[in-house]
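# A structural walkthrough
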Amino acid sequence: MTLTVILASLAVFSWKILGYLIPQKWITEGIRQFSERVTVVLMSALVAVQTFVSANQVEFDARVPALGVAAILFALKVPYIVVVIAAAAVAGGLRALGF
Amino acid sequence: MKRVLSTSISVGLATGLYGISFGALAAVAGLDLLSIMLLSILMFSGGSQFAFIGVIAAGGAPISAITSSWLLGVRNGFYAMRLNNVLAPRGFLKLVAAQLSIDESNGVSAAQDDLKSQRLGFWATGIAVFVFWNLATLLGALAGDFLGSAETWGLDAAAAAAFLGLVWPKLKDNKTLALAASVVAVVGSLFLPAGVPVLLTVLIALVPRRSK
């Protein structure tokens, strides 16, 4: 198992290092803007999937109100860690109540 | 600068919350403590780590576990491209920067306005997440049985909220982009294996922004 873990880690690292090995002169303004957009796109996609998807199905469960609360709190500029804990509390609380 | 540091530490702490669930799930999947810790130290990429233990838990072959984590790690390569531009690290620092190039460190960095804060955001968040993620993994692996499932504690929602917080400062100027990515990822999840839909949204980023 340890060997499998090490090989898999090297495989993941190959992507991480690749981005740093691309020569700077290849990075045009277009590519630079693409890498900024990719950050927004991937993060938004992750949030959407983590909120609405369970095992290849769209599911509206306790995560949805929890994220709604998180969005409101972020809009109100509540500190990051407080929002994350509040989201966990809303989802955990709703589940404890049987939703 | 103080604001950037406090964000970085908050993000590290939040990551710790689901690091506990990673450690616990990895133990349940039957991994020994050394392998679990090596995943968090060497692989150090949440999505890939969860994919790895998912395949192992389902009784998959080692090569499937390696391939799954490799495929899910692609997005770090895109982050690395952006970060190379921001950090321009040399020599050994390049290797350290590469290892720390993940959702959280790049997210905090990208949310800052000036270059100095973008650099500080990357390093501080990368180090904070590395420390808390590994401590939490250890805690989860040792105490997982007593804690119950991640869902019971709402940790799945915490993970989603943590990512929402990272992208939040960028949403104002990128509403269409964010909405399109969300729709593609959710709809894609109905047809495609886990991990692929999120990656597919990279295509949306290829469309150049119309100049105003």
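Residues numbered from 1 in each chain as written. Chains lettered and ligands numbered in written order. Predicted model: local features only at pLDDT ≥ 70, side-chain atom pairs only at ≥ 80, totals over all residues. Heavy atoms only, no water.

## Comments concerning the overall build of chain B
Quick reminder of the rule: Helix numbering and strand numbering both begin at the N terminus, where a helix is a DSSP run of H or I of at least 4 residues and a strand a DSSP run of E of at least 2. Only the C-alpha atoms count toward the radius of gyration. The rule for a globule is 2.2 Å times the residue count to the power 0.38. A simple rule labels every residue: compare its accessible area, found with a 1.4 Å probe on the protein chains alone, to the largest value its type can have, and call it buried under 20%, exposed over 50%, or partly exposed in between.
A tally of helices and strands in chain B yields twelve helices and zero strands. When the elements of chain B are put in sequence order from the N terminus, they spell out α-α-α-α-α-α-α-α-α-α-α-α. Radius of gyration (C-alpha) of chain B: 17 Å, near the 17 Å computed for a compact globule of 212 residues. Along the longest, intermediate and shortest principal axes, the C-alpha atoms of chain B span 55 × 40 × 35 Å. Buried residues in chain B amount to 53% of all 212 residues.

## A few points about the overall build of chain A
The line we're drawing: Contacts are assigned to residue pairs with any non-hydrogen atoms lying within 4.5 Å of each other. Note on areas: Shrake-Rupley, 1.4 Å probe, and residue coverage restricted to the protein chains presented here.
From N to C terminus, chain A includes four helices and two strands. Helices (α) and strands (β) of chain A occur, in sequence order from the N terminus, as α-α-β-β-α-α. For a compact globule of 99 residues, the expected C-alpha radius of gyration is about 13 Å, and chain A comes in at 19 Å, more than 25% above that figure. Projected onto its principal axes, the C-alpha positions of chain A cover 55 × 40 × 25 Å. Counting every position in chain A, which comprises 99 residues, the buried fraction comes to 44%. A separation threshold of at least 6 residues defines the contact pool for chain A, and within that pool the share at least 24 residues apart is 27%. By element, 74% of the accessible surface of chain A is carried by carbon and sulfur atoms, the whole surface being about 4800 Å².

## A word on the interface of chain B and chain A
Operational definition: Any Lys or Arg side-chain nitrogen located within 4 Å of an Asp or Glu carboxyl oxygen qualifies as a salt bridge. Two N or O atoms count as a polar contact when they lie within 3.5 Å, although within protein this holds only if one can serve as hydrogen donor and the other as acceptor, and sequence-adjacent residues are included solely when both atoms are side-chain atoms. Any residue outside Ala, Val, Leu, Ile, Met, Phe, Trp, Tyr, Cys, Pro, Asp, Glu, Lys and Arg is labelled polar, Gly included; the first ten of those are nonpolar and the last four are charged.
Counting residues at the interface gives 88 residues for chain B, matched by 62 residues for chain A. Here A:Glu36 ties to B:Arg82 by a salt bridge, and the two come within 3.0 Å at their closest N and O atoms. At the surface where chain B touches chain A, the tally comes to 19 residue pairs in polar contact (both at pLDDT 80 or more). Per-element accounting of the side of chain B that touches chain A gives the leading share, 15 residues, to helix α9 (residues 155-171) of chain B. Tallied by class, residues from the side of chain B that touches chain A come to 58 nonpolar, 21 polar and nine charged.

## Observations concerning the confidence of the model for chain B
Just so we agree on the cut-off: For every residue, the predictor reports its confidence as pLDDT, a number between 0 and 100.
With 98% of its residues at a pLDDT of at least 70, chain B reaches an overall mean of 91. Scored by ipTM, the complex comes to 0.92, with pTM at 0.88.

## Thoughts on the nonpolar core
Threshold: Throughout, nonpolar core names a set of buried Ala, Val, Leu, Ile, Met, Phe, Trp, Tyr and Cys residues whose side chains join them through atoms within 4.5 Å.
Ranked by size, the top nonpolar core spans 87 residues in total, and within it A:Tyr20, A:Tyr80, B:Leu31, B:Leu39, B:Phe52, B:Ile53 and B:Leu164 carry the most contacts. Dropping the residues within four chain positions of it, B:Ile53 is found in contact with B:Phe22, B:Leu25, B:Ala26, B:Ala29, B:Leu31 and B:Leu39.

## Brief notes about the packing of helix α3 (residues 46-57) of chain B against helix α4 (residues 62-72) of chain B
Residue and element names in this part refer to chain B. The criterion, for reference: Every axis corresponds to a line fitted to the C-alpha atoms, with the helix fit spanning only the stretch in contact, and the corresponding angles, defined between N-to-C directions, vary from 0 to 180 degrees. An angle below 35 degrees is read as roughly parallel, one above 145 as roughly antiparallel, one from 65 to 115 as roughly perpendicular, and any other as oblique. Note on convention: the crossing is left-handed when the near helix lies turned anticlockwise from the far helix by less than a right angle, right-handed when the turn is clockwise.
Where α3 meets α4, the closest approach of the two axes is 8 Å, and the angle between their N-to-C directions is 160°. Considering their axes alone, α3 and α4 lie roughly antiparallel with respect to each other. Note that α3 runs across α4; the crossing there is right-handed. On α4, the residues touching Gly47, Ser48, Ala51, Phe52, Val55 and Ile56 of α3 are Ser64, Ala65, Ser68, Ser69 and Leu72. For the contact of α3 with α4, the class distribution of residues is six nonpolar, five polar and no charged.

## What to know about the pattern of salt bridges
Side-chain pairing between opposite charges can occur once the charged atoms of the two side chains come close. Following the criterion strictly, the structure yields five salt bridges over all chains and no others. Where A:Glu29 meets A:Arg32, a salt bridge forms, and the shortest distance between an N and an O atom there is 3.0 Å. Note that A:Glu29 and A:Arg32 are positioned in helix α2 (residues 29-52) at a spacing of three residues, about one turn of the helix. A:Glu29 sits in the partly exposed class, given a relative accessible area of 45%. What makes A:Arg32 partly exposed here is its relative accessible area of 29%. The residue B:Arg75 makes a salt bridge to B:Asp103 at a minimum N-O spacing of 2.7 Å. With B:Arg75 in helix α5 (residues 74-87) and B:Asp103 in helix α7 (residues 103-110), the pair connects residues that are 28 residues apart, well separated along the chain. Summarising the burial analysis for this pair, B:Arg75 and B:Asp103 share the class buried.

## Re a nonpolar patch on the surface
Counted only if it meets this: Exposure above 30% relative accessible area and no salt bridge define the residues that can form patches, which grow by joining like charges within 9 Å and nonpolar side chains of Val, Leu, Ile, Met, Phe, Trp and Tyr within 5 Å.
Judged by side-chain polarity, A:Val58, A:Phe60, B:Leu179, B:Val183, B:Val187, B:Leu190 and B:Phe191 come together as a nonpolar surface patch covering roughly 720 Å² of accessible area. Ranked by residues supplied to the nonpolar patch, first place goes to helix α10 (residues 175-188) of chain B with three residues. With respect to the element layout, B:Leu190 can be found in the loop between α10 and α11 (196-200). Overall, the relative accessible area of 39% leaves B:Leu190 in the partly exposed class.

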